[in-house]
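# Overview (structure and organization)
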Amino acid sequence: MKINIFGSTGIIGSKTLDIINNYFPSIKINLLCSNTNVRKLINQVNIYNPKYIYLNDATKIDFLKKNIKKSINILNFEELKSYLINSKSDYTLLAISGYKSLNYLDPILHNTQSLGLVSKEAVVSAGHLFKDFTKKFKNKIYPLDSEHFSIFKNINSNFFEIKKVTLTASGGPFLGKNYHSLKNISFSAASKHPKWQMGYKNSIDSATLVNKCLELIEAHYLFNLPFEKLDIVIHPESQIHSIFEYNNYIYNMVAFQNDMLIPIYNFLNQKFNYVLNKDKFRISYNQSFNFSNVKNQEFPIYKFFKNINKSDPSNIIKFNVGNEFAVNLFKNNKIKYTEILKIISKITSINMEYKLNNIKDIINYHELLEIKISEKFNF
């Protein structure tokens, strides 16, 4: 059995390699792909000995060649696409952030038997195309974000009896505080999640609740759930990941420890059915679980998100791109934390008609939107 890993030097890619090394020795590392982190890629190549590697940063290829065995094939982008289309793999992990991960989606689905999907932007930007995927392609997608993994493991039973699916949110570092009172909050304070360490983008999105808005979009596209059947609830303990409410008022709460090892292990374990004996993953019964509704005065971005026309995929893309642009402005001290919503609102209101019928259209739309934003905002 072999696996291709896109984003091998990132947090999820590195964790997946560790899990394979510790629990799945019969899965062979076939292909490792990285964006720019050449030193970490070299280290991974020397440990896991893949047959193929791809580095997106062409300026570092010579350095890469000098530090790995000559027997390892270094592919350029066109060679990578050709290789994927003309070969087969048992597993693929797509853990590349940003909409450019879409460049790999179609060839990967042709290549692999099972796709572990962590790339949020791939689903948010191109999810409307999923309805056109054949059943064969749809069945290959294995969501790995904890909330979507929890839905994935439960949704097939009694699908038509589902009244609502609710995703849980920790509430981030400013839970209980009025959004407008955070005007002078620092980037550092907003980046400090009370429960776990994440990259700055995910941390800020957790503080504003944008991360859950994007996860609702993913749930809508991945599981064909209408937005009216999707909701968010605050759950600071973050051990229950989704709540199924059925038409007969029976509730099913899906709980597991907040560790990515659990969804990744389950993804890799599909053909093995090993038993994971780790007591640290047991949930203690000697604790309380708390839930509260999302308050508009704390998370006004969620109210804004609920009111946009999500039947138009371009609005969803603009919301996502607008947030990414706003977070980077905040990071670079160009705007205040409480101005993130204003930037998202302005970008979502940009009138730019464009057909989004395929992945190439979506990538072009992103590029045109970025040009439009740079013209509109003078920072």
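A brief look at the structure comes next. (Residues numbered from 1 in each chain as written. Predicted model: local features only at pLDDT ≥ 70, side-chain atom pairs only at ≥ 80, totals over all residues. Heavy atoms only, no water.)

## Overview of the overall build of the protein chain
Across its full length, the protein chain carries 16 helices and twelve strands. Its C-alpha atoms give the protein chain a radius of gyration of 21 Å, within 12% of the compact-globule value 21 Å for 379 residues. Sorting the 379 residues of the protein chain into buried and exposed places 54% on the buried side. Taking contacts inside the protein chain between residues at least 6 apart in sequence as the whole, the part at least 24 apart equals 67%. As displayed, the protein chain offers around 18,400 Å² of accessible surface, 47% of which is attributable to carbon and sulfur atoms. The averaged location of the 30 negative side-chain charges in the protein chain is 3 Å from the averaged location of its 48 positive side-chain charges. (Helix = DSSP H or I, 4+ residues; strand = E, 2+ residues; numbered from the N terminus. Rg over C-alpha atoms; globule rule 2.2 N^0.38 Å. Buried < 20%, exposed > 50% of the residue type's maximum accessible area, 1.4 Å probe, protein only. Contact = heavy atoms within 4.5 Å. Areas by Shrake-Rupley, 256 points an atom, 1.4 Å probe, with all protein chains shown as cover. Lys, Arg positive; Asp, Glu negative; His and termini not counted. Charge placed at Lys NZ, Arg CZ, Asp CG, Glu CD.)

## Some remarks on the packing of helix 4 (residues 77-85) against helix 5 (residues 102-111)
Contact geometry for helix 4 and helix 5: axes closest at 7 Å, N-to-C directions at 30 degrees. Regarding the angle of helix 4 to helix 5, the classification is roughly parallel. Contacts between helix 4 and helix 5 involve Phe 77, Leu 80, Lys 81, Leu 84 and Ile 85 on the former and, on the latter, Asn 103, Tyr 104, Pro 107, Ile 108 and Asn 111. Here the residues of the contact of helix 4 with helix 5 are counted per class, giving seven nonpolar, two polar and one charged. (Axes fitted to C-alpha atoms, helices over the stretch in contact; angles between N-to-C directions. Parallel < 35°, antiparallel > 145°, perpendicular 65-115°, else oblique. Nonpolar A, V, L, I, M, F, W, Y, C, P; charged D, E, K, R; others polar.)

## A short note on the sheet that holds strand 7 (residues 141-143)
Across the sheet, seven strands lie side by side as 4-3-2-1-5-6-7; this open sheet has parallel pairing. What marks the edges here is a single partner per strand, and that holds for strand 4 (73-75) and strand 7. The sheet shows a mean angle of 20 degrees between the axes of neighbouring strands, taken without regard to direction. Against the sheet, helix 2 (residues 38-48) touches strand 2 (28-34) and strand 3 (52-55), its axis set at about 175 degrees to strand 2. (Pairing = 2+ DSSP bridges.)

## Description of the packing of helix 14 (residues 313-331) against helix 16 (residues 359-376)
Across the interface, helix 14 lies against helix 16 with an axial gap of 11 Å and an inter-helix angle of 50 degrees. Regarding the angle of helix 14 to helix 16, the classification is oblique. Viewed along their axes, helix 14 and helix 16 form a crossing whose handedness is right-handed. For the pair helix 14 and helix 16, the contacting residues are Ser 314, Ile 317, Lys 318, Val 321 and Phe 325 in the first and Ile 362, Tyr 365, His 366, Leu 369 and Ile 373 in the second. Looking at the contact of helix 14 with helix 16, its residues break down into seven nonpolar, two polar and one charged. (Left-handed = near helix turned anticlockwise from the far one by under 90°.)

## Quick notes on the sheet that holds strand 10 (residues 240-246)
If you walk across this open sheet you meet the five strands as 11-10-8-9-12, and the pairing is mixed. Two strands in the sheet have a free side with no partner beyond their single neighbour: strand 11 (251-255) and strand 12 (292-293). The pairing of strand 8 (residues 162-169) with strand 9 (residues 230-234) spans five bridges and is parallel. Its bridge partner lying in strand 9, Leu 167 is registered against Ile 232. Docked against the sheet, helix 11 (residues 210-223) engages strand 8 and strand 9, running at close to 145 degrees with respect to strand 9.

## Let's talk about helix 11
Taking 1.5 Å as the rise per residue, helix 11 with 14 residues should run 20 Å; its terminal C-alpha atoms sit 20 Å apart, in good agreement. The buried fraction of helix 11 is high, at 13 of 14 residues. Following helix 11 by one or two positions, Asn 224 has its phi on the positive side, about 55 degrees. (Expected span 1.5 Å × (residues − 1).)

## Quick look at the environment of Pro 263
Inspection of the secondary structure assignment puts Pro 263 in helix 12 (residues 261-268). Residue Pro 263 is classed as buried on the basis of its relative accessible area, which comes to 0%. Excluding anything up to four places from it in sequence, Pro 263 contacts Tyr 142, Leu 144 and Phe 149.

Any link to function would need more than the numbers given here.
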